[in-house]
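# Results of the structural survey
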Amino acid sequence: MTRKTYPHIRRHMTNGFEIIQDSIVLNYFIQHPHRDISASVLKTLDIYLEAVGAEKLRWYTDDDGELRPLDAKSWSDARAQLSSGEGTSIGLWESRVSVGDHRMEYRGRALGTESYKWEPRATCGLTFWMPTKYLEEQGPAWVKTLAVAMARELPINTGYATLAFNTEMDLASVPEVI
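Presented here is a report on the structure given in the accompanying data block. The shown structure was predicted, so the numbers you read here are calculated from the model rather than taken from an experiment. (Residues numbered from 1 in each chain as written. Predicted model: local features only at pLDDT ≥ 70, side-chain atom pairs only at ≥ 80, totals over all residues. Heavy atoms only, no water.)

Okay, the overall build of the chain next. Across its full length, the chain carries 5 helices and 8 strands. The order of helices and strands in the chain, counted from the N terminus, is β-β-α-β-β-α-β-β-β-α-α-β-α. By sequence separation, contacts in the chain at least 24 residues apart represent 70% of the contacts at least 6 residues apart. Of the roughly 9900 Å² that the chain leaves accessible, carbon and sulfur atoms contribute 51%. (Helix = DSSP H or I, 4+ residues; strand = E, 2+ residues; numbered from the N terminus. Contact = heavy atoms within 4.5 Å. Areas by Shrake-Rupley, 256 points an atom, 1.4 Å probe, with all protein chains shown as cover.)

Following this line, the structure appears as structure tokens:
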């Protein structure tokens, strides 16, 4: 079997912060209210963690937008946040000092409520990141199997898996690096 290699792109700021890296991104778009899909989102997160290792996500974004360590209590809080309410946004991160190899981001919207009556095409969005090394070590079939297993848990309208730059586009330095 011929082993494929993929481009490895990593760029750092002068302070050492890794600002951009090659990755795989899995995106799912769901046109159902957060309250109706929260259990499916949690199940999908569990599938991801089982595949990549629960220790990969070590930080979360709190309600003030600050990164905080993920310990037993904050994991419980994150799961509670994902399973309750009309809508929520949450980020789970591998690293505090770089974009990291692994990340989960979710924006659960209160679709069907008065606040979304003028946005009939709005969706909830669920994103998972992992390094391209999974393609090299496990093969594309493994990534496809993972993406499909996760998609089966969600009432998705659309989604995709692709190679991508993992970065924080709101950082002013990113356009200069790209």
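The rest of the description comes next.
For the structure shown, the criterion picks out 3 aromatic pairs. On the numbers, 4.7 Å between centres and 40 degrees between planes, the contact of Y48 with F128 is tilted. Within this pair, whereas Y48 is found in helix α1 (residues 34–52), its partner F128 is found in strand β7 (residues 124–131), the two being separated by 80 residues in sequence. Note on F128: relative accessible area 0%, which makes it buried. (Phe/Tyr/Trp six-rings, centres within 6.5 Å; stacked < 30°, edge-to-face > 60°. Buried < 20%, exposed > 50% of the residue type's maximum accessible area, 1.4 Å probe, protein only.)

Another point: the pairing of strand β5 (residues 88–93). Burial analysis of β5 places 5 of its 6 residues in the buried class, the great majority of the element. Bridge count for strand β3 (residues 59–61) against β5 is 2 bridges, and the pairing is antiparallel. Each bridged residue has a counterpart across the sheet, and for Y60 the counterpart in β5 is L92. The sheet contact formed by β5 and strand β6 (residues 103–108) spans 6 bridges and is antiparallel. Bridge pairing links L92 to M104 in β6. (Pairing = 2+ DSSP bridges.)

Inspection of the secondary structure assignment puts S95 in the loop between β5 and β6. Not counting the four nearest positions on each side in its chain, S95 is found in contact with W59, L67 and G100.

The next thing to look at is the nonpolar core. Of all hydrophobic cores here, the largest spans 38 residues; its most connected members are Y28, L45, L57, L92, M104, Y106 and F128. Broken down by element, the residue count for this core peaks at 8 residues, all from α1. Look past the residues within four positions of Y106 in its chain and what remains in contact with it is H34, I37, V41, L82, T88, S89, I90, C124, G125 and L126. (Core = buried A, V, L, I, M, F, W, Y, C linked by side-chain atoms within 4.5 Å.)

Let's shift gears to the environment of L67. Summarising the element assignment, L67 is placed in strand β4 (residues 67–69). L67 sits in the partly exposed class, given a relative accessible area of 22%. Placed 25 residues apart in sequence, L67 and L92 show a C-alpha to C-alpha distance of 8.9 Å.

Attention now moves to α1. In this model, α1 (19 residues) spans 25 Å end to end at C-alpha, consistent with the 27 Å of a helix rising 1.5 Å per residue. The largest bend along α1 measures about 30 degrees and falls at S40. For α1, the complete set of buried residues consists of H34, I37, S38, V41, L42, T44, L45, I47, Y48, L49 and V52. Once α1 ends, the next one or two residues include G53, with phi positive near 110 degrees. (Expected span 1.5 Å × (residues − 1). Bend = angle between axes of the 7 residues up to and from the residue.)

Take the pattern of salt bridges next. Inspection of every chain in the model, using the stated rule, returns 6 salt bridges. When the shortest N-O distance is used, the salt bridge between D36 and R35 registers 4.0 Å. With its nearest N and O atoms 2.6 Å apart, the salt bridge here joins R79 to D46. Residue R79 is located in helix α2 (residues 72–83), and its partner D46 is located in helix α1; the two are separated by 33 residues in the primary sequence. Of the residues examined, D46 reaches a relative accessible area of 32% and is grouped as partly exposed. Overlapping salt bridges bring together R35, D36 and E86 as one network. (Salt bridge = Lys/Arg side-chain N within 4 Å of Asp/Glu carboxyl O.)

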